[in-house]
Amino acid sequence: MNFSPTTLALTGIGALVLLLAVYFIVTYNRFVKRRTRVNEAFSAMDVYLKKRYDLIPNLVEAARQAAGYESHTLEALTQARTFARQAADTQGRVQEENRLSASLGTFFATVEQYPQLQASAAFVKLQEELVRTEDDLAMARRYFNGTVRELNTLAQGFPSGLVGRLFGFHPMEMFQASLPEREQIRVADM
């Protein structure tokens with residue numbers, strides 16, 4: 001069987017176009033799968049965030065009932081909770097959640113100065129529940145960051161990154177400890 005050079009060239013071009021189309025489809029589907037995992041991970045983390053939001057007012061009220069407790073610490077914690085709940089997008093939410101975590105750290109460091117508060121059964125129970133919630137949240141954050149890492153690796157790789165940008169997929173921000181969270185809180189500084 002003899003094929004003309006034109007037929008061979010058209011067949012080669014057709015095969016190349018087909019391979020590129022298959023690559024684009026497969027890569028697009030990989031992006032969709034990873035974005036779906038990121039959204040799922042954020043939703044799972046959101047459950048623990050809501051639980052933390054619900055615990056904070058009770059913890060603040062228990063602390064308020066202790067005579068002489070520093071109101072500015074309670075106000076900062078309440079304000080950070082409000083901002084975190086009102087964040088409009090994922091990136092804003094990540095930043096506000098980091099701020100809320102820092103406020104919680106300051107709050108618990110300040111609690112050490114109030115033995116009557118530490119002796120309150122209601123406060124201790126709320127604090128223990130919040131610690132369990134924070135542990136669950138830490139696991140959910142690790143899962144979220146793992147899914148974001150997979151998406152970012154795909155988005156920043158070559159040539160998959162070209163396909164991703166073509167369809168509007170961009171690297172996402174991970175949950176990271178903010179600078180105040182990385183620093184050790186000392187009660188003497190307060």
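Our subject is the structure that appears above.
First, a word on scope: everything that follows refers to the structure included in this document. (Residues numbered from 1 in each chain as written. Predicted model: local features only at pLDDT ≥ 70, side-chain atom pairs only at ≥ 80, totals over all residues. Heavy atoms only, no water.)

With that settled, the discussion passes to the overall build of the protein. Counting secondary structure elements, the protein contains seven helices and zero strands. Helices and strands in the protein line up, N terminus first, as α-α-α-α-α-α-α. The 190 residues of the protein split such that 34% are buried. Contacts spanning at least 24 positions in sequence make up 78% of the contacts within the protein whose residues lie at least 6 apart. Accessible surface computed for the protein: about 11500 Å², of which carbon and sulfur atoms make up 58%. (Helix = DSSP H or I, 4+ residues; strand = E, 2+ residues; numbered from the N terminus. Buried < 20%, exposed > 50% of the residue type's maximum accessible area, 1.4 Å probe, protein only. Contact = heavy atoms within 4.5 Å. Areas by Shrake-Rupley, 256 points an atom, 1.4 Å probe, with all protein chains shown as cover.)

For the rest of this paragraph, the subject is the nonpolar core. In terms of nonpolar packing, the biggest core is built from 37 residues, with Met 45, Phe 107, Phe 123 and Phe 144 touching the most fellow members. Element by element, the count of residues in this core is highest for helix H1 (residues 5-64), at 13 residues. (Core = buried A, V, L, I, M, F, W, Y, C linked by side-chain atoms within 4.5 Å.)

What describes two packed helices is the angle between their axes and the distance between those same axes. Relative to each other, H1 and helix H2 (residues 71-86) sit at 165°, their axes nearing to 10 Å. Between H1 and H2, the angle is such that the two are roughly antiparallel. In this structure, H1 meets H2 at a crossing whose hand is left-handed. Listed contacts from H2 to Tyr 53, Ile 56, Pro 57, Val 60, Ala 63 and Arg 64 of H1 are Leu 74, Leu 77, Thr 78, Arg 81, Ala 84 and Arg 85. Split into classes, the residues belonging to the contact of H1 with H2 amount to eight nonpolar, one polar and three charged. (Axes fitted to C-alpha atoms, helices over the stretch in contact; angles between N-to-C directions. Parallel < 35°, antiparallel > 145°, perpendicular 65-115°, else oblique. Left-handed = near helix turned anticlockwise from the far one by under 90°. Nonpolar A, V, L, I, M, F, W, Y, C, P; charged D, E, K, R; others polar.)

Another aspect to go through is the packing of aromatic side chains. All chains considered together, the criterion is met by seven aromatic pairs. Each ring, one from Tyr 23 and one from Phe 24, has its centre 6.5 Å from the other, and the planes form 85°; the classification is edge-to-face. Taking relative accessible area as the criterion, Phe 24 reaches 32% and is therefore assigned partly exposed. Within the aromatic cluster, the residues linked to one another by ring pairs are Tyr 28, Phe 31, Phe 167 and Phe 169. (Phe/Tyr/Trp six-rings, centres within 6.5 Å; stacked < 30°, edge-to-face > 60°.)

To continue, consider the side chain of Glu 97. Structurally, Glu 97 can be placed in helix H3 (residues 90-111). In this structure Glu 97 comes out as buried when scored by relative accessible area, which is 0%. Apart from residues lying up to four places away in sequence, Glu 97 is in contact with Leu 49, Arg 52, Tyr 53, Ala 84, Arg 141 and Phe 175.

Counted at 1.5 Å a residue, the expected span for H2 with its 16 residues is 22 Å, and the 23 Å between its end C-alpha atoms agrees. Every buried residue of H2 is accounted for by Thr 73, Leu 74, Leu 77, Ala 80, Arg 81 and Ala 84. Across the axial projection of H2, the buried residues extend over an arc of 130°, all falling on one side. Exposed side chains of H2 directed beyond 90 degrees from the buried face belong to His 72 and Gln 86. Looking at the buried positions of H2, the neighbouring elements they touch are H1 and H3. (Expected span 1.5 Å × (residues − 1). Arc of directions from axis to C-beta.)

To continue, consider unusual backbone geometry. Cis geometry is found at the peptide bond from Phe 158 to Pro 159, where omega equals 5°. As for its placement among the helices and strands, Pro 159 is situated in the loop between helix H5 (121-156) and helix H6 (160-166).

Moving on, we get to the packing of H1 against H3. Their axes nearest at 12 Å, the elements H1 and H3 cross at an angle of 35°. Regarding H1 and H3, the two cross each other, and that crossing is left-handed. Residues Phe 42, Asp 46, Leu 49, Arg 52, Tyr 53, Ile 56, Leu 59 and Ala 63 of H1 form the contact with H3, whose own contacting residues are Thr 90, Arg 93, Glu 97, Leu 100, Ser 101, Leu 104, Phe 107 and Phe 108. Here the contact of H1 with H3 is built from residues that sort into 10 nonpolar, two polar and four charged.

This part covers the pattern of salt bridges. Scanning the model with the defined rule gives seven salt bridges in all. The residue Arg 37 makes a salt bridge to Glu 150 at a minimum N-O spacing of 3.4 Å. With Arg 37 in helix H1 and Glu 150 in helix H5, the pair connects residues that are 113 residues apart, well separated along the chain. On the basis of relative accessible area, Arg 37 is assigned to the partly exposed category, the value being 31%. The partner of Arg 52 in a salt bridge is Glu 97, and the shortest N-O contact between them spans 2.3 Å. Remark: Glu 97 occurs in helix H3 and Arg 52 occurs in helix H1; sequence separation between them is 45 residues. Arg 52 gets classed as buried once you look at its relative accessible area, which sits at 0%. (Salt bridge = Lys/Arg side-chain N within 4 Å of Asp/Glu carboxyl O.)

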